Amino acid sequence: MQTQLIIILSVTVALTFVVALVSIGLVIHKAVNAQEIRRRQRLYTHYSEKFAEVLLVDLPPIPSNARTSAIFKQYENLLVPIKKELESLPPVEARLHREMLRGVLVDFARDLSGDAIDRLIYCFYSLDFVSEQIELLKHKHWWVRAQAARDLGLLRTRRALAALTAALEDPHQDVRDQARQAIVSLAGVESLRTILRLTRRMSMWTALELSISVQQYGEETVPYLVEGLDLPDQSVVLFCIEMLAVIGFVSAVDPLRRLAKTYPSITVRAKAIEAMGRLGDQRSEDLLVSFIRDPNPALRLKALEALGRIGAPAALPALMPRLEHGTLQEQIAAARAIAATGPAGMDELHRVVAAGTKRQRAVCLHVIEERG
Amino acid sequence: MIAKKCPKINALILTPFFRFLIVVQWRRSQTMNNIILTAEDQQHIRKLIEYKLTNCGYVVVAVEDGVQALEKARELLPALIMLDVMMPQMTGFEVLAALKADERTRSIPVLLVTAQSKEEEVLKGLEMGAEDYITKPFSPNELAARVRKVLLRKGGT
C-alpha cells in the first residue's frame, strides 16, 4: 500500500515537473518568437525609412554631355551607407538584414511607379538580390512562388527570364499565370523569342499560357513564330504552327509549305498541312493536291481536310479518286472538299449519289445534307 | 478701440509675454494650414508619403489605421487627409463617412489611395465626398502634385 502511494506520488511529481518544463519551454519559445518578430519589424521600419530617402532624395542635375553611367553612379552613392552597414554585420545577422531589405524593396516595387521605380530597380540589382528572388520560384508554397514570379516582373529582372520560363511548367495555375505576365512585362513581344528558344517539350499548360500572350500581341508575334519553326524542339514547332494558323498570317504559308514537305516528323507535317488549310491561301493548293496521293494516310487525310476549307476547283480531278477508293474518313473529307469547290463539285456529288456504291452514296448524301 | 478706451488692456497687449503668445498663435495657425494627415497601414508607403510630403514643406502626421486617423483628424483639423481604402479596424470609406458626418471635419478635403483597377472604389469614394484619388502603384511626384492641387482648390497652401 505504501509502495503504491510512493509510486503514485513519484509519477505525479514527475508529470508536474514535465508539464512545468514544457510550459516554461513554450513561454520561452513564445517570447523568443515575439522578440524575433519585433526585431524584424524594427529592421523593416529601419530600411523603409532609409529607402524612402534613397528613392526620393533629390539628386544634382547631370550635365547634358555626361555618360549614361553618371546617373548610376549617383544611385550607387546613395547605396554606399547601406552597403557599408551590411558588410559590417556578421554573416547570420547580415542574412536577416538582407532578407528584410529585399522585402522592403519588393514592397516598394509593388506600390510605386515613375522615376522612383527606376532607382529602385537599380538598387535591387546593385544589392545583388536578383538571385535570391529567383530562388523563391522554387519555394514549397505556391503563393510564395506566384508572388516571386510577379515581383520579378515588377522589378524588371531580365536575368530571371529562364527561371520564369521554367515556372510556366509550375503545377499551380496562379504561378504559371504570374510567370507568363512577368515574362511579357519583362521583354514584351520579344520575350516570345527567349521563351521559345528555352522551352523543351512544351506542356499543354505552357502552350495555353503562351497562346494568351501571342493573341494579345497578334501579328507582332509572327516573326518570332516563324523563327520558332526552325527550332529543334518539335513541341515548339507545333506550337508555332498552331499560333500562325490562329493569327491567320497568310505570308506564313511559305515556311509552312517547307515544313510540310521536308520535316522529319509526320505529326509536324500533318500540323503544317492543317495550318495551310486554316490560312486558306491559294498558294498551298498545288502542294495539298500532291499530298492527296501521299502514301501516309495521316497526311492524305489532313490534305483533304485542308482542301475542304480552301475550296479549290482545280483540285477536283484529284479529289474524285479519294472519294471512290479512300478509307471512310478520307471519303467523307474528300466529299466535303469536292462540295467546297462550288457548283461543279456539287454536281459531281449528285452524280456519285446516282451511280456510286452504297458507301459512296451514303457519304455524298451526308455531305449534301450538311451543305443544306 | 478697446485698447483706446482701456489703457490697462493696451498695456497688457504690449507686454512682451502677450506679444509672444500672439506670435505663437499666429505661427500655429500657419502651421495648421500645412498639416497633412495620412492614414496608411503599409509601413513602407507610410514612410515614403511622410518623406515626400515633408520634403514638399508640409507637416505630415502619419497613422496606421482608420481609428487613429479619425481621432487625429478631430484633434488636429488638418488641411488635407489622405486615406488608404483598405485599412484595419476602419476602412477608408468608413473614416470618410465619419469625417463627412462631423461638422468640424466635413470641410477637410480627403484624398483616397486605392488599389489599381478598382474603379468601383474610386466612384464610391468620390460619391461619398472625397476630393480626389490616387491609385497604386503611384509616382511620388504625382502624389505631391495631387496634394498641391487639392490644397490649392480648397484655398490652402
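Residues numbered from 1 in each chain as written. Chains lettered and ligands numbered in written order. Predicted model: local features only at pLDDT ≥ 70, side-chain atom pairs only at ≥ 80, totals over all residues. Heavy atoms only, no water.

A. Looking closely at helix α4 (residues 115-126) of chain A. In this model α4(A) runs 17 Å from its N-terminal to its C-terminal C-alpha over 12 residues, within 8% of the 16 Å that 1.5 Å per residue would give. Burial analysis of α4(A) places nine of its 12 residues in the buried class, which makes it a mostly covered element. Three or more residues of α4(A) are buried, namely Ala116(A), Ile117(A), Arg119(A), Leu120(A), Ile121(A), Tyr122(A), Cys123(A), Phe124(A) and Ser126(A). Buried residues along α4(A) sit against α1 (2-56), α2 (69-87), α3 (91-111), α5 (130-135) and α6 (142-154) of chain A together with α8 (140-153) of chain B. Looking one or two places after α4(A), you find Asp128(A), whose phi comes out positive at around 60°. (Helix = DSSP H or I, 4+ residues; strand = E, 2+ residues; numbered from the N terminus. Expected span 1.5 Å × (residues − 1). Buried < 20%, exposed > 50% of the residue type's maximum accessible area, 1.4 Å probe, protein only. Contact = heavy atoms within 4.5 Å.)

B. Main features of the packing of α3(A) against α4(A). Residue and element names in this part refer to chain A. Interhelical geometry of α3 versus α4 gives an angle of 150° and a closest axis separation of 10 Å. Classified by the angle between their axes, α3 and α4 sit roughly antiparallel to one another. In this structure, the crossing between α3 and α4 has a hand that is left-handed. Between α3 and α4, the contacting residues are Arg102, Leu105, Val106, Phe108 and Ala109 on the first element and Ile117, Leu120, Cys123 and Phe124 on the second. Along the lines of polarity and charge, the residues of the contact of α3 with α4 split into eight nonpolar, no polar and one charged. (Axes fitted to C-alpha atoms, helices over the stretch in contact; angles between N-to-C directions. Parallel < 35°, antiparallel > 145°, perpendicular 65-115°, else oblique. Left-handed = near helix turned anticlockwise from the far one by under 90°. Nonpolar A, V, L, I, M, F, W, Y, C, P; charged D, E, K, R; others polar.)

C. Representation of the pattern of salt bridges in the model. Tallied over the entire structure, the rule returns 39 salt bridges over all chains. Residues Glu49(A) and Lys47(B) are paired through a salt bridge, measuring 2.9 Å at the closest nitrogen-oxygen approach. Of the two residues, Glu49(A) is situated in helix α1 and Lys47(B) in helix α4 (residues 43-55); the pairing between them involves two chains. Since its relative accessible area comes to 40%, Glu49(A) is described here as partly exposed. Of the charged contacts in the structure, one is a salt bridge between Lys136(B) and Asp84(B), with a shortest N-O distance of 3.8 Å. With Lys136(B) in strand β5 (residues 132-136) and Asp84(B) in strand β3 (residues 80-84), the pair connects residues that are 52 residues apart, well separated along the chain. Each member of the pair, Lys136(B) as well as Asp84(B), carries the same accessibility label: buried. (Salt bridge = Lys/Arg side-chain N within 4 Å of Asp/Glu carboxyl O.)

D. Summary view of a nonpolar patch on the surface. Residues and elements named next belong to chain A. A surface patch of nonpolar side chains, about 500 Å² in accessible area, is lined by Phe17, Val18, Leu21, Val22 and Leu26. Structurally, Leu26 is set in helix α1. For Leu26, a relative accessible area of 55% gives the class exposed. (Patch = residues over 30% accessible without salt bridge, like charges linked within 9 Å, V, L, I, M, F, W, Y side chains within 5 Å. Areas by Shrake-Rupley, 256 points an atom, 1.4 Å probe, with all protein chains shown as cover.)

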